[in-house]
Amino acid sequence: MTDESTEPDATSGTGPETAEKAESPVTAPPQAQPVARRLRLLLMVAALVLGLDVSTKVLAVKLLVPGQPVEIIGDTITWTLVRNSGAAFSMATGYTWVLTLIATGVVLGIIWMGRRLVSLWWALGLGMILGGAVGNLMDRFFRSPGPLRGHVVDFLSVGWWPVFNVADSAVVCGAVLLVGLSMFGIDFDTEGKQPPAADSAEATDTQQDSSAEPEPAAAAADDADTGR
């Protein structure tokens, strides 16, 4: 007499193999791991830029007097305290609230891209832009004359170039890096350089052709069966 209680039920799926599958931990998709690492890198770079920007602005306001430059290298490079109502490098003055909204949109766009970010270099560039944008946004919101209209603190003057700050430098350097990556075919959601579109299409056609052709062994077997 067979003990039916000890046999696994094939219909219920409670056999040993099913139990092992149920106990195995669920692992994250392979693509999610590099995305998480790049997002952490982006936020770390942004935090570093933001910390440098805020600390240097606090020191500039505390130690410098408006209209009294402090020479670093003659009169070519100086510390010069300026309150800027425009964009980076004192451009577009008089449109402070518009620039504030644009900068807010840039920050939100970078955060959205961070969910699909794979490239290390894109993480670096986007982190620089994010940190600089947030640094100047803090001035827009919290400095006089009021929210959305606050003037950004600039303090570094180099030759004929308009006075700027750490945030401006980070945004410009990050943008230049991203433009260079795009020119070399490196996208933010892939690792390494993207192959040209023509090469990709050719590789796809080759794969389709190879899959359509029967294997030699299978073709010989078919011929033998036909000869019978």
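All of these numbers come straight from a predicted model, not from anything done at the bench. Throughout, residues of each chain are indexed from 1 in the direction in which the sequence is written. Given that this is a predicted model, residues contribute local features only at a pLDDT of at least 70 and side-chain atom pairs are listed and counted only at 80 or more, while totals for whole chains, interfaces and linings are drawn from all residues. Each side-chain value is derived from all of the structure's non-hydrogen atoms; neither hydrogens nor water enter the calculation.

J.: So what's going on with the overall build of the protein? Residues and values would help.
T.: Within the protein, the secondary structure is distributed over 7 helices and 4 strands. Numbered from the N terminus, helices here are DSSP runs of H or I no shorter than four residues, and strands are runs of E no shorter than two. In the protein, the order of α-helices and β-strands from amino to carboxyl end is α-α-β-β-α-α-β-β-α-α-α. Any residue under 20% of the maximum accessible area for its type is buried, any over 50% is exposed, and the rest in between are partly exposed; the area is computed with a 1.4 Å probe on protein chains only. Burial status across the protein gives 29% buried among its 228 residues. In these tables, accessible area is a Shrake-Rupley quantity obtained with a 1.4 Å probe, and a residue counts as shielded only by the protein chains included in the view. Carbon and sulfur atoms provide 66% of the accessible area of the protein, an area that totals close to 14900 Å².

J.: Go over the packing of aromatic side chains with me, naming the residues and quoting the values.
T.: Two numbers describe a pair of aromatic rings. These are the distance of the centres and the angle of the planes. For this analysis, a ring pair means two rings from Phe, Tyr or Trp (six-membered ring only for Trp) whose centres lie within 6.5 Å, classed as stacked if their planes differ by under 30 degrees, edge-to-face if by over 60, and tilted for the remaining angles. Enumeration according to the criterion identifies 2 aromatic pairs in this entry. On the basis of an interplanar angle of 35° and a centroid distance of 6.0 Å, the ring pair of Trp-79 and Phe-155 is categorised as tilted. Residue Trp-79 is found in strand 2 (residues 77-84), and its partner Phe-155 is found in strand 3 (residues 152-158); the two are separated by 76 residues along the sequence. Since its relative accessible area comes to 35%, Trp-79 is described here as partly exposed. A residue is classified by how much of its surface remains accessible, and Phe-155, at 7% relative accessible area, is buried.

J.: Which residues make up the UniProt feature "active site" (unreviewed entry) in the protein, and what are the values?
T.: When the UniProt feature table is mapped onto this chain, "active site" (unreviewed entry) is found at Asp-154 and Asp-168. Structurally, Asp-154 is set in strand 3. Residue Asp-154 is classed as buried on the basis of its relative accessible area, which comes to 0%. Within the local environment of Asp-154, its side chain forms a polar contact with the side chain of Asn-84, the two groups lying 3.3 Å apart. Mapping Asp-168 onto the fold places it in helix 5 (residues 166-183). Overall, the relative accessible area of 2% leaves Asp-168 in the buried class. UniProt positions are given in the numbering used here, feature names are shortened, and annotations may be inferred rather than shown by experiment. Polar contacts here mean pairs of N or O atoms no more than 3.5 Å apart (in protein, one a potential hydrogen donor and the other a potential acceptor; neighbouring residues in sequence count only if both atoms are side-chain atoms).

J.: Could you give an account of the sheet that holds strand 3, naming the residues involved and the relevant values?
T.: The rule for pairing is simple: two strands pair if DSSP sees at least two bridges between them. Pairing is antiparallel across the open sheet formed by 4 strands, whose spatial order is 1-2-3-4. In this open sheet, the two edge strands, each paired with only one partner strand, are strand 1 (70-73) and strand 4 (161-164). Between one strand axis and the next, the sheet turns by 40° as a mean value, whatever way the strands run. In this structure, strand 2 lies alongside strand 3, joined through 6 bridges in antiparallel fashion. If you follow Trp-79 over to strand 3, its bridge partner there is Leu-156. To obtain each axis, a line is fitted to C-alpha atoms, and for helices this fit is confined to the stretch in contact; angles are then taken between N-to-C directions over 0 to 180 degrees.

J.: How would you sum up the packing of helix 4 (residues 120-142) against helix 5? Please name residues and give values.
T.: Running from N to C, helix 4 and helix 5 cross one another at 150°; their axes reach a closest spacing of 8 Å. Between helix 4 and helix 5, the crossing angle belongs to the class labelled roughly antiparallel. For the crossing formed where helix 4 meets helix 5, the hand is left-handed. Every residue of helix 5 that contacts helix 4 at Trp-121, Trp-122, Leu-124, Gly-125, Leu-126, Met-128, Ile-129, Gly-132, Ala-133 and Asn-136 is listed here: Ala-167, Asp-168, Ala-170, Val-171, Cys-173, Gly-174, Ala-175, Leu-177, Leu-178, Leu-181 and Ser-182. Any angle that is under 35 degrees is reported as roughly parallel, and any over 145 degrees as roughly antiparallel; angles of 65 to 115 degrees are reported as roughly perpendicular and all others as oblique. With the far helix as reference, a near helix turned anticlockwise by less than a right angle produces a left-handed crossing, and one turned clockwise produces a right-handed crossing. Working rule for contacts: check all heavy atoms of both residues, and any pair within 4.5 Å makes them a contact.

J.: I'd like a rundown of the UniProt feature "transmembrane region" (unreviewed entry) in the protein, residues and numbers included.
T.: The feature "transmembrane region" (unreviewed entry), as given by UniProt, occupies residues 41-60, 94-113, 120-138 and 158-184 in the numbering adopted here. For residues 41-60, the helix share is 100%, the strand share is 0%, and the end-to-end C-alpha distance is 29 Å. In the segment residues 120-138, helix accounts for 100% and strand for 0%; the C-alpha atoms at its two ends are 27 Å apart.

J.: For a nonpolar patch on the surface, give the residues involved together with the corresponding values.
T.: Residues Val-54, Val-58, Met-138, Phe-141, Phe-142 and Leu-148 make up a contiguous nonpolar surface patch of roughly 520 Å² in combined accessible area. Broken down by secondary-structure element, the contributors of at least two residues to the nonpolar patch are helix 2 (32-63) and helix 4. Ranked by residues supplied to the nonpolar patch, first place goes to helix 4 with 3 residues. Topologically, Phe-141 is positioned in helix 4. Without a salt bridge and with relative accessible area above 30%, a residue can belong to a patch; like charges are then joined within 9 Å and nonpolar side chains (Val, Leu, Ile, Met, Phe, Trp, Tyr) within 5 Å. Salt bridges are identified by distance alone: a Lys or Arg side-chain nitrogen within 4 Å of an Asp or Glu carboxyl oxygen.

J.: Could you give an account of the side chain of Ser-119, with specific residues and numbers?
T.: Within the fold, Ser-119 resides in the loop between helix 3 (96-114) and helix 4. A polar contact of 3.3 Å, which involves the side chain of Ser-119, links it to the backbone nitrogen of Trp-122.

J.: Tell me what's going on with the confidence of the model for the protein, and back it up with residues and numbers.
T.: Every residue is assigned a pLDDT by the predictor, reflecting its confidence on a scale from 0 to 100. Across the protein, the average pLDDT comes to 77, with 64% of residues at or above 70. Summarising per-element confidence for the protein, the mean pLDDT is lowest in helix 6 (residues 197-212) (51) and highest in helix 5 (94).

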